[in-house]
Amino acid sequence: HNPDFAIPTALEPYPSHGHIDLLPQARGMGIGGQAIRFLETRMRRAGSTGLYLPVDSRNAKALAFYAALGYRSADGVPAGPFIYMVKPAKDFASD
């Protein structure tokens, strides 16, 4: 827990924070995609304008996974240990 963490200004259009973790044996079965689509649906219904996902910059598989789901790297975020993948609500999965 880091109480001094500040959300970068570039993430303001994406007020919802998402995060999933899957054990290795659960990967590659479509569970992650289902989890993200579920999260997007819930966020859209709640009125969110967008979702951001902090991804370890060394995790190429996760970055490719989120990119395949329509997420892109946020512009204007200082370099660090995380890449912030973002998606506006207008591009969320539909029900």
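Residues numbered from 1 in each chain as written. Predicted model: local features only at pLDDT ≥ 70, side-chain atom pairs only at ≥ 80, totals over all residues. Heavy atoms only, no water.

Student: Explain the pattern of salt bridges to me, please; I cannot follow it from the model alone.
Tutor: A side chain with one charge can pair with a side chain of the opposite charge if their charged atoms come near. In the structure shown here, the tally under the stated rule is four salt bridges. Between Arg-72 and Asp-75 there is a salt bridge, with its nearest N and O atoms 3.9 Å apart. By relative accessible area, Arg-72 is classed as partly exposed at 40%. Of the residues examined, Asp-75 reaches a relative accessible area of 60% and is grouped as exposed. When the shortest N-O distance is used, the salt bridge between Asp-91 and Lys-90 registers 3.3 Å. (Salt bridge = Lys/Arg side-chain N within 4 Å of Asp/Glu carboxyl O. Buried < 20%, exposed > 50% of the residue type's maximum accessible area, 1.4 Å probe, protein only.)

Student: Would you mind showing me how to read the sheet that holds strand β4 (residues 82–88) here?
Tutor: Strand pairing in a sheet relies on backbone hydrogen bonds. The paired strands run either parallel or antiparallel. Taken in spatial order, the four strands make up an open sheet running β1-β2-β4-β3, and their pairing is mixed. The open sheet terminates on both sides in strands that have one partner only, identified here as β1 (16–17) and β3 (72–73). When β1 meets strand β2 (residues 50–56), the two strands line up parallel, connected through two bridges. Among the inter-strand pairings, Ser-16 is bridged to a residue of β2, identified as Leu-51. Along the sheet, helix α2 (residues 60–68) contacts β2 and β4; its crossing angle with β2, the most-contacted strand, is approximately 160 degrees. (Pairing = 2+ DSSP bridges. Helix = DSSP H or I, 4+ residues; strand = E, 2+ residues; numbered from the N terminus. Contact = heavy atoms within 4.5 Å. Axes fitted to C-alpha atoms, helices over the stretch in contact; angles between N-to-C directions.)

Student: Looking at this model, I keep getting lost on the pairing of β2. Mind explaining?
Tutor: Moving residue by residue along a regular strand, the side chains alternate between the two faces of the sheet. Most of β2 sits inside the fold, with five of its seven residues counted as buried. Regarding topology, helix α1 (residues 31–45) serves as the crossover connection from β1 to the parallel β2, and that connection is right-handed. By the bridge criterion, seven bridges tie β2 to β4 in an arrangement that is antiparallel. Looking across to β4, one finds that Val-55 is bridged to Ile-83. (Right-handed = clockwise from strand over helix to strand, strands pointing away.)

Student: Before we go on, may I ask you to explain the environment of Gln-34 in this structure?
Tutor: Relative to the helices and strands, Gln-34 is located in helix α1. The class for Gln-34 is exposed, based on a relative accessible area of 52%. Spatially, the C-alpha atoms of Gln-34 and Gly-80 are 28 Å apart, while their sequence positions differ by 46 residues.

Student: Sorry if this is basic, but what is going on with the side chain of Ser-48 here?
Tutor: Relative to the elements of secondary structure, Ser-48 occurs in the loop between α1 and β2. By relative accessible area, Ser-48 is classed as buried at 12%. The contact partners of Ser-48, leaving out residues within four places of it in the chain, are Pro-15, Ser-16, Met-43 and Ala-89.

Student: What is the right way to read the pairing of β4 from this model?
Tutor: Across two bridges, β3 lies against β4 in antiparallel orientation. Each bridged residue has a counterpart across the sheet, and for Ser-73 the counterpart in β4 is Met-85.

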